[in-house]
Amino acid sequence: MGDSDKVVVITGATRGIGKNTALYFAERGYTVVGTGRNEQLLNELDQQLRELSPRSHCLHLDVQQRSSVQKAIGQIRNIVNNVDVWINNAGAFAAIGPTWEVDPEVWINDVSTNLFGVFHCVQGAVPLMLEQGAGRIINVVGGGTTREFKYGNGYGTSKTAIARFTENLNAELQDTGVMAFALDPGLNDTDMTKYQRETEAGQTYFPRITQAFAEHRDAPAHLAPTLAYLVGEGKLDAYQGRIVSIHEDADKLQEKANELQNEDYFKLRMKKIENIGRR
C-alpha cells in the first residue's frame, strides 16, 4: 500500500505484540515510529518497516526513564508532523511466584515498566496531541486486569492500574479530541510467554499457560494488531476510556458501538449485591 499521512508511535515495538502491530500498521500505509531499547532489534525492525512504509523510523526509548521519553518526543516532533495514534505496549513480567517470595527488585521493575512507563509516555504524548486537537492513546493491559492472577501479582496489579489510569485519563481529556483506550491482547506467543513456559518458575507456577498453548488456545498473532488498528482508525471511539479485548468479536464491537449506553460496560467495577443489609 502507499504512504499515508497517518502516524502511529509504538513502544516495545521490537518484539512480540509490539512488532506484530508495527508491521500491521505499516502494511496499511501508516508511518510507524517504533521504539525500544535493543539497538540491533531496532535496526532490524527499521529495515522491515521502511520496506512497507518508507517514512517509518525506529528510535531508542526506555519507558522507565522520563528523560529518554522526553528525548524521543523531541525526535518525533522533528521526524513527523503529527501523531495520530500512540500505543503504550512496552511491558515486563519476570516476577513469578508467591508475592512474599519473589525478588523485590524484579517485582518493582515489572510494575515500574508497566505502569510508570505508561505514565511517562502519556506525559509526553498528550501535550503533542492536544496541540493537534486530536489523537488516540492505546494502553495495552493483559492477564490479571479484570480477574485474579495468582503468582503474577506485580504484572496483574500494574495492568489493572493501567485500566483505571486509562479511564481517568480519558475523562480528563473529554472534549479535547484526544481519547484513551485500554486494549487486552489476550494470550500471545511472545518472548514474555516463552519465559513463563520455559523457566523453572514459570513451569512451577504457570502450568496452565503451557497447557493453553498445547491446546492452541492462544490468540492468533493478527488479533491484537487488528483491534489496535480499528481503534486507531476511529472505528471504536464509543469505547474510549474502556477495555477493548480480543475476546470480543471485532465486527460485533463495531456494530454495537453506537448502542453502548451502559457506562459500566468494559470498565473496572465492583459488583454490588442489591439490597444487602437493608431491612
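Notes on the structure follow. No experiment lies behind these values; they were computed from the predicted model shown.

1. Focus on the sheet that holds strand E4 (residues 85-88)
Part 1 of the argument: In space, the 7 strands of this open sheet follow the order E3-E2-E1-E4-E5-E6-E7, with parallel pairing throughout. Each end of this open sheet is capped by a strand with a single partner; those strands are strand E3 (57-60) and strand E7 (243-245). Across this sheet, the average inter-strand angle for adjacent strands is 20°, counted without regard to direction.
Part 2 of the argument: Pairing between strand E1 (residues 7-10) and strand E2 (residues 31-36): 4 bridges, direction parallel. The residue of E2 that forms the bridge with Val 7 is Thr 31.
Part 3 of the argument: Packing of helix H9 (residues 223-232) onto the sheet brings it into contact with E4, strand E5 (135-140), strand E6 (178-184) and E7, and relative to E5 it is tilted by some 155°.

2. Topic: the pairing of E3
Part 1 of the argument: Of the strand pairs in this sheet, E2 and E3 are connected by 4 bridges, and their pairing is parallel. Note on E3: the bridge partner recorded for Thr 35 is Leu 59.
Part 2 of the argument: Regarding the hand of the β-α-β motif, the stretch spanning E2, helix H2 (residues 39-52) and E3 is right-handed.

3. As for the packing of aromatic side chains
Part 1 of the argument: The full count for this structure, using the stated rule, is 10 aromatic pairs.
Part 2 of the argument: Between the aromatic rings of Phe 93 and Phe 206, the centroid separation amounts to 5.8 Å while the plane-to-plane angle is 70°, which identifies the pairing as edge-to-face. Placement of the pair is Phe 93 in the loop between E4 and helix H4 (104-132) and Phe 206 in the loop between helix H7 (200-205) and helix H8 (207-214), with a sequence separation of 113 residues. Here the two residues Phe 93 and Phe 206 agree in accessibility, since each one is buried.
Part 3 of the argument: Measuring from ring centre to ring centre gives 5.5 Å for Phe 149 and Phe 206, while their planes differ by 15°; the resulting arrangement is stacked.

4. Here's the deal with the state of the cysteines
Part 1 of the argument: Taken as a whole and judged by the stated rule, the model has 0 disulfides.
Part 2 of the argument: The closest cysteine sulfur to the non-disulfide-bonded Cys 58 is located on Cys 121, 15 Å from its own sulfur.
Part 3 of the argument: Overall, Cys 58 belongs to the buried group, its relative accessible area being 16%.
Part 4 of the argument: The class of Cys 121 is buried, set by a relative accessible area of 0%.

5. Some words on helix H1 (residues 16-27)
Part 1 of the argument: Taking 1.5 Å of rise per residue, 12 residues should cover 16 Å, and H1 covers 17 Å from first to last C-alpha, within 8% of that figure.
Part 2 of the argument: Among the residues of H1, those classed as buried are Ile 17, Gly 18, Thr 21, Ala 22, Leu 23, Tyr 24, Phe 25 and Ala 26.
Part 3 of the argument: Buried residues along H1 sit in contact with E1, E2, H2, E4 and H9.
Part 4 of the argument: In the stretch just after H1, Gly 29 is the one whose phi turns positive, near 95°.

Definitions and limits used
- Residues numbered from 1 in each chain as written.
- Predicted model: local features only at pLDDT ≥ 70, side-chain atom pairs only at ≥ 80, totals over all residues.
- Heavy atoms only, no water.
- Pairing = 2+ DSSP bridges.
- Helix = DSSP H or I, 4+ residues; strand = E, 2+ residues; numbered from the N terminus.
- Axes fitted to C-alpha atoms, helices over the stretch in contact; angles between N-to-C directions.
- Contact = heavy atoms within 4.5 Å.
- Right-handed = clockwise from strand over helix to strand, strands pointing away.
- Phe/Tyr/Trp six-rings, centres within 6.5 Å; stacked < 30°, edge-to-face > 60°.
- Buried < 20%, exposed > 50% of the residue type's maximum accessible area, 1.4 Å probe, protein only.
- Disulfide = S-S within 2.5 Å.
- Expected span 1.5 Å × (residues − 1).

So far we have only geometry, and geometry alone does not tell us how the molecule works.
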